[in-house]
Every structure is written in C-alpha cells, then in structure tokens.
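These are the residues of each chain, in order.
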Amino acid sequence: MKPLALAIAAMLAGASAPAHAVSETAEGFAAAMQGCWNRASWSADIDAQRADPGYSISSQMCLSGGVEGALTLLDCGGVNNLVECNQAGGRYVFAAEKFQRIYDDGLLAGGSDSCDVFLEAGRQFTLRNCQWVVAPAAAEAIGDVVYERAIGQ
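Computed from a predicted model, the values in this text were never measured in an experiment. (Residues numbered from 1 in each chain as written. Predicted model: local features only at pLDDT ≥ 70, side-chain atom pairs only at ≥ 80, totals over all residues. Heavy atoms only, no water.)

(A) Molecular detail of the environment of M61. Tracing the backbone shows M61 in strand β2 (residues 55-65). Separated by 28 residues in the primary sequence, M61 and G89 place their C-alpha atoms 9.6 Å from one another. Residue contacts for M61: discarding those within four places in its chain leaves G35, C36, W37, L71, T72, L73, F99, R101, F125 and Y147. (Helix = DSSP H or I, 4+ residues; strand = E, 2+ residues; numbered from the N terminus. Contact = heavy atoms within 4.5 Å.)

Structure, rendered in structure tokens:
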C-alpha cells in the first residue's frame with residue numbers, strides 16, 4: 001500500500017495523524033491556527049485538584065490575525081459555585097519556526113514566551129519547549145500544553 005493510502009486507512013480506522021512542526025510557510029501555518037482553542041492538558045498539580053468533583057478549571061486561547069495578530073486568553077477556575085474568570089490580551093507572532101506570545105495585561109502582563117508548536121490534523125496542537133523570553137512577576141515554569149479546537153471553530 002502506498003504511504004498516502006496508509007495514512008488515509010489509519011485515519012479511517014481512528015488513528016490520529018502524526019503531529020507536524022510549523023508548516024512550510026508561516027502564513028499557511030498561521031491560517032490553520034486562527035480561532036479559539038481550549039486547553040486539554042494540565043500540570044500534575046492541577047490534575048490532582050481536578051480529581052475533586054467540586055473543582056473546575058478551564059482555559060481558552062484565541063488567535064486573530066495572520067503571522068502576527070491579537071491574542072486573547074480566558075481562564076476560569078474555582079470550587080463549587082465560586083468560579084472566577086479572568087480575561088487577558090496580548091499579541092502573538094510566528095517567527096523563526098517559533099510561536100511567540102507577548103502578554104499585554106492580566107497576571108502575565110509584561111511577559112513573553114516562545115514555544116515550538118505542533119499542529120495535528122487542524123484539531124489539536126501542542127506547545128513544547130516553551131521558554132520565558134521576558135518573565136513576568138507571576139511567572140512559573142512552563143510545561144508542554146495541549147490545546148483542542150473549540151467547538152464550532
């Protein structure tokens with residue numbers, strides 16, 4: 001069977017497509033990344049808290065633009081019915097095969113990070129090897145993070 005036929009057969013069988021690094025052009029990759037993405041993975045610390053049925057947390061990142069554009073973050077969390085949400089904005093740029101985020105407000109205001117980004121079948125992406133370029137006051141270590149495309153995107 002030819003490689004393309006094998007890939008199609010694997011997708012039809014429910015296997016996920018392999019992750020790919022930034023596409024051949026920054027413009028093409030940036031176009032595929034537009035819209036809103038929900039965080040799907042958490043640190044071990046947060047995962048332990050999520051075991052409590054009363055605890056809830058969500059995080060969404062939205063991109064609007066092209067190779068450079070606007071970044072909007074919405075984070076919500078809390079216990080039982082006491083859920084607090086915070087919205088923050090900033091900018092992003094795809095440059096030198098990296099995804100860079102510049103935080104203009106919120107807890108990460110004044111900070112910026114740079115990550116390798118891997119897009120899988122246009123429905124999920126992973127940020128890996130993130131490093132603070134400028135660490136904000138609220139900076140913590142950045143682990144790998146998986147995001148899934150928001151419903152309706």
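Anyway, onward from the coordinates.
(B) Focus on the pattern of salt bridges. One pass over the full model with this rule turns up 4 salt bridges. Of the charged contacts in the structure, one is a salt bridge between K98 and D116, with a shortest N-O distance of 2.6 Å. Of the two residues, K98 sits in strand β5 (residues 98-103) while D116 sits in strand β6 (residues 112-120), which places them 18 residues apart along the sequence. Judged by relative accessible area, K98 falls into the partly exposed class, the value being 26%. The buried category is assigned to D116, whose relative accessible area is 17%. Across the salt bridge formed by R101 and D113, the nearest N and O atoms sit 2.9 Å from each other. Of this pair, R101 sits in strand β5 while D113 is found in strand β6, placing the two residues 12 residues apart along the sequence. We classify R101 as buried; its relative accessible area is 7%. Among the residues examined, D113 registers a relative accessible area of 2% and is labelled buried. (Salt bridge = Lys/Arg side-chain N within 4 Å of Asp/Glu carboxyl O. Buried < 20%, exposed > 50% of the residue type's maximum accessible area, 1.4 Å probe, protein only.)

(C) Layout of the packing of aromatic side chains. With the rule as written, the count across this model stands at 7 aromatic pairs. An angle of 80° between the planes, with centres 5.5 Å apart, marks the rings of F29 and F94 as edge-to-face. On the criterion of sequence distance, the pair formed by F29 in helix α2 (residues 26-33) and F94 in strand β4 (residues 82-95) is long-range, its members being 65 residues apart. Taken as a pair, F29 and F94 share a single burial class, namely buried. Ring pairing ties together the aromatic residues F29, Y92, F94 and F99, which thus form one cluster. The ring of F118 is capped by R128, whose NZ or CZ atom sits 4.6 Å from the centre of that ring. (Phe/Tyr/Trp six-rings, centres within 6.5 Å; stacked < 30°, edge-to-face > 60°. Lys NZ or Arg CZ within 6 Å of the ring centre and 35° of its normal.)

Just geometry here; none of it tells us what the structure is for.
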